[in-house]
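# Chain and residue survey
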Amino acid sequence: MKIELISFALCPYVQRSVITLLYKGVEFKTTYIDLNDKPEWFLKISPLGKVPVMRVNGNTVIFESAVINEFLDETHPPSLHPKDPVRRAHNRAWIEFGSTLLVDLFHMLRTTNRSDFSESEVKLFDKLRRLEQSTTGPYFNGDDFSLVDSAYAPLFMRLDLVTLPHIRQQLANLTRLQQWSDSLLQLPAVQQSVPDDFAERTRNYLRDHNSFLARNL
């Protein structure tokens with residue numbers, strides 16, 4: 001099976017799938033595109049015009065990170081989902097919740113003024129506090145890495161770049177989430193899922209978009 005992942009280097013949704021590929025040891029090719037200048041061939045194969053898109057054997061197209069990860073999990077055992085169907089459904093629900101958190105974090109990082117930043121921050125941390133109530137540690141389900149962990153690692157990697165003292169304190173108060181974050185950020189599959197200069201690229205991206213937070217990263 002030949003796998004090609006079409007990517008934008010800073011996209012957290014792409015990173016979800018890269019983590020799964022690396023953790024499972026799946027051989028794959030990465031093709032990078034510029035989201036500000038999407039090539040015609042990409043628009044023809046991506047129904048939503050978004051990354052990630054995965055091509056299998058050069059022709060079959062799969063899109064949406066959660067769907068890509070489910071496909072990888074089914075075709076490259078062992079599974080990274082719990083065996084119990086109730087727990088498995090629970091995990092899938094929290095993966096979807098994680099997608100909304102990434103949207104909230106994106107708004108917080110990209111906003112250009114303090115008022116909007118504060119509003120986004122409140123919204124994000126309300127959800128993070130709810131998330132913490134469902135975590136076990138050191139990973140989401142306990143000792144075993146799962147697809148939920150693939151889904152949340154990009155969120156924690158970006159939060160780890162935010163150095164504002166009051167943000168750091170709020171994160172420190174979420175002790176189970178902090179433990180989960182620490183466990184994920186130490187994994188080779190997570191560390192290798194972004195370019196070596198990921199932090200600097202992220203800072204430059206936010207500066208280029210006149211982000212309120214840019215000077216605090």
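Description of the structure in this document. (Residues numbered from 1 in each chain as written. Predicted model: local features only at pLDDT ≥ 70, side-chain atom pairs only at ≥ 80, totals over all residues. Heavy atoms only, no water.)

## A short note on the pairing of strand 2 (residues 29-32)
What counts is decided by this rule: In short, DSSP must find at least two bridges between two strands for them to pair. Under the DSSP-based scheme used, a helix requires at least four consecutive residues in state H or I and a strand at least two consecutive residues in state E, with every element numbered from the N terminus. When the strands point away from the viewer, a crossover counts as right-handed if the route from the first strand across the helix to the second turns clockwise.
Here strand 1 (residues 3-7) pairs with strand 2 via 4 bridges, running parallel. When the bridges of strand 2 are listed, Leu 5 appears paired with Thr 30. In terms of handedness, the path from strand 1 via helix 1 (residues 12-24) over to strand 2 forms a crossover that is right-handed.

## So, the nonpolar core
What counts is decided by this rule: The set of buried Ala, Val, Leu, Ile, Met, Phe, Trp, Tyr and Cys residues whose side-chain atoms join them within 4.5 Å is what this entry labels a nonpolar core. Note on classification: 1.4 Å probe, protein chains only; a residue is buried when its accessible area is under 20% of the maximum for its type, exposed when over 50%, partly exposed between these limits. Should any heavy atoms of two residues lie within 4.5 Å, those residues are counted as being in contact.
Core analysis: the largest hydrophobic core is formed by 46 residues, its most contacted members being Leu 128, Leu 131, Tyr 152 and Trp 180. For this core, the secondary structure elements donating two or more residues are helix 4 (85-110), helix 5 (114-132), helix 6 (147-159), helix 7 (165-173), helix 8 (175-185) and helix 10 (198-208). For this core, the leading source of residues is helix 6, giving 9 residues. Setting aside its immediate chain neighbours within four residues, Leu 128 contacts Leu 101, Leu 155, Leu 159, Leu 171, Leu 174 and Leu 177. Formed by 19 residues, the second largest nonpolar core is a distinct cluster that contains Cys 11, Val 14, Ile 45 and Val 51.

## Examining the pattern of salt bridges
What counts is decided by this rule: Whenever Lys or Arg places a side-chain nitrogen within 4 Å of a carboxyl oxygen from Asp or Glu, that contact is recorded as a salt bridge.
Counted by the stated rule, this structure contains 11 salt bridges. Residue Glu 64 pairs with Lys 50 through a salt bridge whose shortest N-O separation is 3.7 Å. Here the residue Glu 64 occupies a position in the loop between strand 4 (60-63) and helix 3 (65-75), and Lys 50 occupies one in the loop between helix 2 (40-45) and strand 3 (53-56), the gap between them amounting to 14 residues. According to the relative accessible area criterion, Glu 64 is partly exposed, its value standing at 34%. Glu 200 is the salt-bridge partner of Arg 203, the closest N and O atoms lying 3.5 Å from each other. Here Arg 203 pairs with Glu 200, and both are found in helix 10, just 3 residues apart, close to one helical turn. Residue classification places Glu 200 among the partly exposed residues on the basis of a relative accessible area of 36%.

## Here we look at the packing of helix 6 against helix 8
Our working definition: Here, axes are lines fitted to C-alpha atoms. For helices the fit covers the stretch in contact, and angles between N-to-C directions go from 0 to 180 degrees. We call two directions roughly parallel when the angle between them is under 35 degrees, roughly antiparallel when it is over 145, roughly perpendicular when it lies between 65 and 115, and oblique otherwise. Three classes are used: nonpolar for Ala, Val, Leu, Ile, Met, Phe, Trp, Tyr, Cys and Pro, charged for Asp, Glu, Lys and Arg, and polar for all others, with Gly counted as polar.
Running from N to C, helix 6 and helix 8 cross one another at 100°; their axes reach a closest spacing of 9 Å. One way to sum up the angle between helix 6 and helix 8 is to call them roughly perpendicular. Residues Val 148, Asp 149, Tyr 152, Ala 153, Phe 156 and Met 157 of helix 6 form the contact with helix 8, whose participating residues are Leu 177, Trp 180, Ser 181, Leu 184 and Leu 185. Residues of the contact of helix 6 with helix 8, tallied by class, amount to 9 nonpolar, 1 polar and 1 charged.

## What to know about the sheet that holds strand 4
Read from one edge of the open sheet, 4 strands run 2-1-3-4, paired in mixed fashion. The outermost strands of the open sheet, each flanked by one partner alone, are strand 2 and strand 4. Across the sheet, the mean angle separating the axes of adjacent strands is 25° when strand polarity is ignored. Against the sheet, helix 3 engages strand 1, strand 3 and strand 4, with an angle of about 120° to strand 4.

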